[in-house]
Amino acid sequence: MVRAARLMSLVLLLQGRGGMTAGELAQELEVSERTIHRDVLALSEAGIPVYADRGRTGGYRLVDGYRTRLTGLDRAEAEALFLSGVPAALRDMGLREIAEAARLKAAAALAPGLRDAPATAAQRFHLDAPGWFASDTPPPESLAPLARAVWGNHPVSGRYREAPRAVEPYGLVLKAGVWYLAGRAKERLLVYRVDRFTEVSVDTARRFDRDPAFDLAAFWAERSEQFTRSLLRTQVTLRLSPAGLRMLRHVADPAALPEALASARDDGTVVLAVESPAVAYTQVLAFGPEAEVLDPPELRALVAEAAARMSGLYAEDTLGGGPR
């Protein structure tokens, strides 16, 4: 079965690219050049018109005009093809081979003048999903079985934060290098962190009925906004200068910005939602002299103390003493 898939991929590669050396084919299919030579011989014996083009720029080619009929996509390949722009996600979910087969079939089906389009696009656009400074850690063990369950509409059972959990998995989301599962449990759609699932078991004998109105992108956007808003538990009142008002969109949390702008009064007073007093302190200092804290008093005292200490650091400069 593995060799049959590799032979099909070899034919599609030659059809899509016109000709490739044994080394190029070996690298693409992740086998040895000896294996490539054997595979080409097997294809030739099976009636596939593949031949060796001798010379410095030679390699293996298909007879001009030959077109294989293996370019039809099955359902799994068609679905995986739409994720081919996120190779790391495909690898983590165990869908790399399916997507690669789909990509080869799609490329082979293109007109000869367009066969370089996939490679051209790949050299110009790349999606790097994980966040900065993310360590090269393997994906969660539960990701691959959960992905299979999502594709097949199979219910899963397992442990989530050590508690038993039965879920109908609707979709997976990769956010800044972290995988999340959108799933229905006890008639409620919830969000789970995939790395907190253990002992996942997929019930392949059963299928659940998905809500046809479910929209993963819209669901995730709504829950993300709810989560962000839930973090903004503290409110501070500031008086901003005109420059401070212009800085607001760069300092405030994006989720808090619309309400802060709506609260702005003629004297520059705004009410800003923040995650905590500590975060508020950091944000206010970012304004420098363009913001005055009006409330709460505790934050005003902290900022006043910071301003006094900062003034002391630069006092000698104002007296002409220069830096110490």
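Everything that follows concerns the structure shown earlier in this document.
So, here is what we can say about the structure in this document. (Residues numbered from 1 in each chain as written. Predicted model: local features only at pLDDT ≥ 70, side-chain atom pairs only at ≥ 80, totals over all residues. Heavy atoms only, no water.)

## Some points on the packing of aromatic side chains
Keep this limit in mind: Under the pairing criterion, centres of Phe, Tyr and Trp rings, with the six-membered ring standing for Trp, must be within 6.5 Å; the plane angle then separates stacked pairs below 30 degrees from edge-to-face pairs above 60, leaving the rest tilted. Runs of H or I in DSSP of at least four residues are treated as helices and runs of E of at least two as strands, each being numbered from the N terminus. With a 1.4 Å probe rolled over the protein chains alone, any residue whose accessible area is under 20% of its type maximum counts as buried; one over 50% counts as exposed, and the rest are partly exposed.
Tallied over the full model, the rule gives seven aromatic pairs. Between the aromatic rings of Tyr-160 and Phe-197, the centroid separation amounts to 4.8 Å while the plane-to-plane angle is 55 degrees, which identifies the pairing as tilted. Here the residue Tyr-160 occupies a position in strand 4 (residues 156-160), and Phe-197 occupies one in strand 8 (residues 197-202), the gap between them amounting to 37 residues. The class of Phe-197 is buried, set by a relative accessible area of 5%. Ring geometry for Tyr-170 and Phe-208: centres 5.6 Å apart, planes at 20 degrees, overall stacked. Here Tyr-170, found in strand 5 (residues 163-175), pairs with Phe-208, found in the loop between strand 8 and helix 9 (216-231); they are 38 residues apart in sequence, far enough to count as distant. We classify Tyr-170 as buried; its relative accessible area is 3%.

## Quick look at helix 9
Formally: A helix is expected to reach a length of 1.5 Å times the quantity of its residues less one. The definition of a polar contact used here is a pair of N or O atoms within 3.5 Å, where within protein one atom must be able to donate a hydrogen and the other to accept one, and adjacent residues in sequence count solely through side-chain atom pairs.
With 16 residues, helix 9 extends 23 Å from end C-alpha to end C-alpha; this agrees with the ideal 22 Å at 1.5 Å per step. At the N-terminal end of helix 9, a side-chain oxygen is found 3.1 Å from the backbone nitrogen of Ala-217, two or three residues along, and the residue is Asp-215.

## Observations regarding the packing of helix 2 (residues 22-29) against helix 3 (residues 33-45)
For any two helices packed against each other, one specifies the crossing angle of their axes together with the interaxial distance. Where we set the bar: Interaxial angle, 0 to 180 degrees, is taken between N-to-C directions of lines fitted to C-alpha atoms, where a helix line uses only the stretch in contact. In these notes the angle categories are as follows: under 35 degrees is roughly parallel, over 145 is roughly antiparallel, 65 to 115 is roughly perpendicular, and the rest is oblique. In what follows, a contact means two residues having at least one pair of non-hydrogen atoms within 4.5 Å. Gly falls in the polar group here, along with every residue not listed as nonpolar (Ala, Val, Leu, Ile, Met, Phe, Trp, Tyr, Cys, Pro) or charged (Asp, Glu, Lys, Arg).
Packing of helix 2 against helix 3 leaves a shortest axis separation of 8 Å and a crossing angle of 100 degrees. In terms of their interaxial angle, helix 2 and helix 3 are classed as roughly perpendicular. From helix 2, Ala-22, Gly-23, Leu-25, Ala-26 and Leu-29 reach across to helix 3, where they touch Glu-33, Ile-36 and His-37. Along the lines of polarity and charge, the residues of the contact of helix 2 with helix 3 split into five nonpolar, two polar and one charged.

## Examining unusual backbone geometry
Note the cis peptide between Asp-295 and Pro-296, where omega equals 5 degrees. Assignment of secondary structure puts Pro-296 in the loop between strand 11 (291-295) and helix 13 (297-318). Even without a glycine there, the phi angle at Lys-186 is positive, about 55 degrees. You can call Lys-186 exposed: its relative accessible area is 82%.

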